[in-house]
2 protein chains.
Amino acid sequence: MTSKLAIGIDIGGTNSKFGIADRKGNIIAQSRIKTQQYSDYFSFIATLKKEIEQLHPIDDVIGIGVGAPNANYYKGTIVNPPNLPWKGVSRFAEEVEKVFGLKCVLTNDANAAALGEMVYGKAKNMKDFVVLTVGTGLGSGIVINGDVVYGKHGFAGELGHTLVSANGRHCACGKRGCLETYVSATGIRRTVYKLLADYTDPSMLRSISFDDLSTRTITEAAAKGDKIAIEAFKYTGRVLGMKLSDFVVHTDPEAIFLLGGLSKAGDHIFTPAQENMEKYLMPLFLDKKIQLQPSGLKDDDAPILGASSLVWKYLAGSAGES
Amino acid sequence: MTSKLAIGIDIGGTNSKFGIADRKGNIIAQSRIKTQQYSDYFSFIATLKKEIEQLHPIDDVIGIGVGAPNANYYKGTIVNPPNLPWKGVSRFAEEVEKVFGLKCVLTNDANAAALGEMVYGKAKNMKDFVVLTVGTGLGSGIVINGDVVYGKHGFAGELGHTLVSANGRHCACGKRGCLETYVSATGIRRTVYKLLADYTDPSMLRSISFDDLSTRTITEAAAKGDKIAIEAFKYTGRVLGMKLSDFVVHTDPEAIFLLGGLSKAGDHIFTPAQENMEKYLMPLFLDKKIQLQPSGLKDDDAPILGASSLVWKYLAGSAGES
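The structure presented is a predicted model; accordingly, all values stated were derived computationally and were not measured.

Moving on, we get to the pattern of salt bridges. Two side chains with opposite charge may pair up if their charged atoms get near one another. Residue and element names in this part refer to chain B. If you walk through the whole model with that rule in mind, you get 23 salt bridges over all chains. Close ionic contact of Lys98 with Glu95 constitutes a salt bridge, the shortest N to O distance being 3.7 Å. A residue pair is termed a helical-turn pair when its members lie 3 or 4 positions apart in one helix, as Lys98 and Glu95 do in helix H2 (residues 92-100) at three residues. The class for Glu95 is buried, based on a relative accessible area of 11%. The salt bridge partner of Lys264 is Asp299, with a shortest N-O separation of 3.6 Å.

Written out as structure tokens, the structure reads:
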């Protein structure tokens, strides 16, 4: 039997990444295009087809998985994505199937990340876990009994929009006090700026504008002993840990995985988050040793692997098991 | 084909209720015994057998469902229940099967209530919903894609122990600020006493001791325009609504059902809870019209029906479908 392959496409506000992966998670070939250059999704998909065929023949490809913001798994649509150039409802999966002549499954990027963890990462032998993707925002995929939770309307797992504080920070979703306004690349920048405003400690971060400040810069500052940076991570970890204690009593997961920029800060974020999760956790769960861990996928590979894992999970049938 | 029956047993700290129900939710016969009179679960089960056989012949019974505190569905055990006389691990389901010669399924009382709602109540055509049982404490059963969520260790759905306030009220679980310290029969009593301490308004509740105060009394006072009672419900509903907004973004349910003492307060609790859920809900979910509703089961019948629904869900096979 020839080795079967899957196409994974991750649609982002800036770049869309795509590649061809095998069942073991080796990415055979990959590339990217600029999402904003395509004013409609028809021309975007037509370009994808050309680009992918140039990368690698698609004869052995079983199907196509797509991770996208505001994706509806049930309908294969992308609905009013705030950061993509396509307004209204895009019947994306249907168009991909027409153009490529292959089956297509679409889900939101965080659900794809959760499937990627199960197919290729650290959750291969797990049936109950949560993945948090902490980038510009905070996405989440919840897996229960081996399946991603979609919910009644296909929108389950919006943990970035659980409430931290009723009168808290303004969120892009229109609410206030959402978790992602504290725990995300943007969230920790807001925390740094709050601390710089509140305290007089000298900090190397005082010379950097809000727009130029990155999680990496804050991590480097913390590593050098910068008090403001260290305190920003402690605060971020505390908020995350408190909400993790809620997530655990909800679905009783075996582990929680963190993926994306903030997770690269290592102990700066994992230590306070784990400590505070346990501090606020119902004692019944304490001896279960639920671990907050970095994802088993490399950040660079995760988007394509997450998307391609949809193929093995939903389209491959027995071929996906081998 | 003769009509098949199920035995339902609900084990409570004071009373244990049991009965025989048909597939439509008619309770053919029922009774109760005092849980505390049985120092071990062997004598408790032996008495149950005698009592149930006196109620009704068990020839047509398919199986036995048991709802109990601290129940482990996977193992059929009851583990260190704080309010039952049996310490350590009781291998309850195994003993029931031995004594009755019938299959037995055991789960916690709130999961049983969720199954009862699905088998007999308002959730017959739903696959994604949440049931909150608001009595002395706050229990919860979460149903996703037609199945109760048990989680990795069998303890999923402890929503009564999500965090309202880090430095909040002390909870019987050992933590502080748990939802059930605010939203439960005990929680609203605590709120009434807090309000009586903080304000000078006259109130008919000032003449009642903490021990004698009941949800019914507070409801009656609110109906008569008692300011303290009305404010206590508003506060309770606000806390509940805020946490409901978190529950919705977790699992995207079609509806949330309320069962138990507090739900009898009607609009006093449902109106502020629904309003605050929507106020704090991620806007994406607002047009989904997720309703907080009273359970479709009568409070008196719910424990036995919840327990017996386990039989139709897990033991009846095709007989359960008819």
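After that view, the rundown keeps rolling.
If you trace the backbone, B:Leu281 turns up in the loop between helix H7 (267-280) and strand E13 (291-294). Each C-alpha atom, one on B:Leu281 and one on B:Ser245, is 4.7 Å from the other, the two residues being 36 residues apart in sequence. Contacts of B:Leu281, omitting those with residues within four sequence positions, involve A:Lys175, B:Ser245, B:Val248, B:Val249 and B:Leu286.

It is worth spelling out helix H7 (residues 267-279) of chain A at this point. Count 3.6 residues to each turn of an α-helix, and residues three or four apart come out pointing the same way. Its 13 residues place the ends of H7(A) 17 Å apart at the C-alpha level, agreeing with the 18 Å of an ideal helix rising 1.5 Å per residue. Buried residues along H7(A) sit against helix H6 (227-251), strand E12 (255-259) and strand E13 (291-294) of chain A.

What follows deals with the sheet that holds strand E3 (residues 27-34) of chain A. Residue and element names in this part refer to chain A. Pairing is mixed in the open sheet, where five strands are placed in the order E3-E2-E1-E4-E8. Edge strands, defined here as strands with exactly one partner in the open sheet, are E3 and strand E8 (103-108). Looking at each pair of strands side by side, their axes are set apart by 15° on average, direction ignored. Judged from the seven bridges that link them, strand E1 (residues 5-11) and strand E2 (residues 15-22) form a sheet pairing that is antiparallel. Bridged to Gly8 within E2 is Gly19. Here helix H1 (residues 41-55) sits on the sheet in contact with E1, E2 and E3, set at roughly 145° to E3. Each of E1, strand E4 (61-68) and E8 is contacted by helix H2 (residues 92-100), which is oriented at about 150° to E8, the strand it contacts most.

Overall, the predicted model of chain A reaches an average pLDDT of 94, with 98% of residues at or above 70. Of all secondary-structure elements in chain A, the lowest mean pLDDT belongs to strand E5 (residues 71-72) of chain A, at 90, while H6(A) reaches the highest, 98.

Moving on, we get to the interface of chain A and chain B. Listed by partner, the interface residues are 39 residues for chain A and 39 residues for chain B. Of the roughly 3400 Å² buried between chain A and chain B on both sides combined, carbon and sulfur atoms contribute 67%. Here chain A and chain B share four salt bridges between them. Seen at the junction of chain A and chain B, the total is 20 residue pairs in polar contact (both at pLDDT 80 or more). If you tally residues by element for the side of chain A that touches chain B, the top one is H6(A), at seven residues. Of the residues belonging to the side of chain A that touches chain B, the class tally is 21 nonpolar, nine polar and nine charged.

On to the side chain of A:Asp246, then. Examined against the element boundaries, A:Asp246 turns out to sit in helix H6. Judged by relative accessible area, A:Asp246 falls into the buried class, the value being 3%. Look past the residues within four positions of A:Asp246 in its chain and what remains in contact with it is B:Thr162, B:Leu163, B:Lys243 and B:Asp246.

Moving on: the sheet that holds E13(A). Residue and element names in this part refer to chain A. With respect to topology, five strands assemble into an open sheet ordered E11-E10-E9-E12-E13, the strand pairing being mixed. Strands at the two margins of the open sheet, each flanked by one partner only, are strand E11 (147-148) and E13. Of the strand pairs in this sheet, strand E9 (residues 129-134) and E12 are connected by five bridges, and their pairing is parallel. Note on E12: the bridge partner recorded for Phe129 is Ala255.

All names here are of chain A. It is at 7 Å that the axes of H6 and H7 come closest, and there the two elements cross at 45°. One way to sum up the angle between H6 and H7 is to call them oblique. For the crossing formed where H6 meets H7, the hand is right-handed. Contact with H6, carried on its side by Phe233, Lys234, Thr236, Gly237, Arg238, Leu240, Gly241, Met242, Leu244, Ser245 and Val248, involves His268, Ile269, Pro272, Ala273, Asn276 and Met277 of H7 and no other residues of that element. Of the residues assigned to the contact of H6 with H7, the class counts are nine nonpolar, six polar and two charged.

Reports of interface size often rely on the accessible area that becomes lost once the parts have come together. Residue and element names in this part refer to chain A. Looking at chain A, the domain boundaries give domain 1 (5-117 + 300-321) and domain 2 (124-294). A separation of 27 Å is found between the C-alpha centroids of domain 1 and domain 2. Counting the surface domain 1 buries against domain 2, the share from its top three residues, Tyr74, Asn111 and Glu117, is 37%. On inspection of domain 1 and its partner domain 2, the count reaches one salt bridge. Its salt-bridge partner being Lys313, residue Asp147 comes within 3.2 Å of it at the nearest N-O pair. For the side of domain 1 that touches domain 2, the element with the most residues is helix H3 (residues 109-119), which contributes six residues.

Here the focus is the packing of aromatic side chains. For the coordinates displayed, the defined rule picks out 29 aromatic pairs over all chains. Ring geometry for A:Tyr193 and A:Phe210: centres 5.1 Å apart, planes at 90°, overall edge-to-face. Linking A:Tyr193 in helix H4 (residues 185-198) with A:Phe210 in the loop between H4 and helix H5 (215-223), this pair joins segments that are 17 residues apart in sequence. A:Phe210 sits in the partly exposed class, given a relative accessible area of 28%. For the ring pair B:Tyr41 and B:Phe42, a centre distance of 4.3 Å and an interplane angle of 25° mean the geometry is stacked. What makes B:Tyr41 buried here is its relative accessible area of 10%. Among the aromatic residues, ring-to-ring pairing joins A:Tyr38, A:Tyr41, A:Phe42, A:Phe44, A:Trp86 and A:Phe92 into one connected group. The lysine or arginine in question, A:Arg189, covers the ring of A:Phe210, its NZ or CZ lying 4.6 Å from the ring centre.

Parameters at a glance
Residues numbered from 1 in each chain as written. Chains lettered and ligands numbered in written order. Predicted model: local features only at pLDDT ≥ 70, side-chain atom pairs only at ≥ 80, totals over all residues. Heavy atoms only, no water. Salt bridge = Lys/Arg side-chain N within 4 Å of Asp/Glu carboxyl O. Helix = DSSP H or I, 4+ residues; strand = E, 2+ residues; numbered from the N terminus. Buried < 20%, exposed > 50% of the residue type's maximum accessible area, 1.4 Å probe, protein only. Contact = heavy atoms within 4.5 Å. Expected span 1.5 Å × (residues − 1). Pairing = 2+ DSSP bridges. Axes fitted to C-alpha atoms, helices over the stretch in contact; angles between N-to-C directions. pLDDT = per-residue confidence, 0-100. Buried area = accessible area lost by both parts, 1.4 Å probe. Polar contact = N/O pair within 3.5 Å; in protein donor to acceptor, adjacent residues only side chain to side chain. Nonpolar A, V, L, I, M, F, W, Y, C, P; charged D, E, K, R; others polar. Parallel < 35°, antiparallel > 145°, perpendicular 65-115°, else oblique. Left-handed = near helix turned anticlockwise from the far one by under 90°. Domains from an automatic or database assignment. Phe/Tyr/Trp six-rings, centres within 6.5 Å; stacked < 30°, edge-to-face > 60°. Lys NZ or Arg CZ within 6 Å of the ring centre and 35° of its normal.

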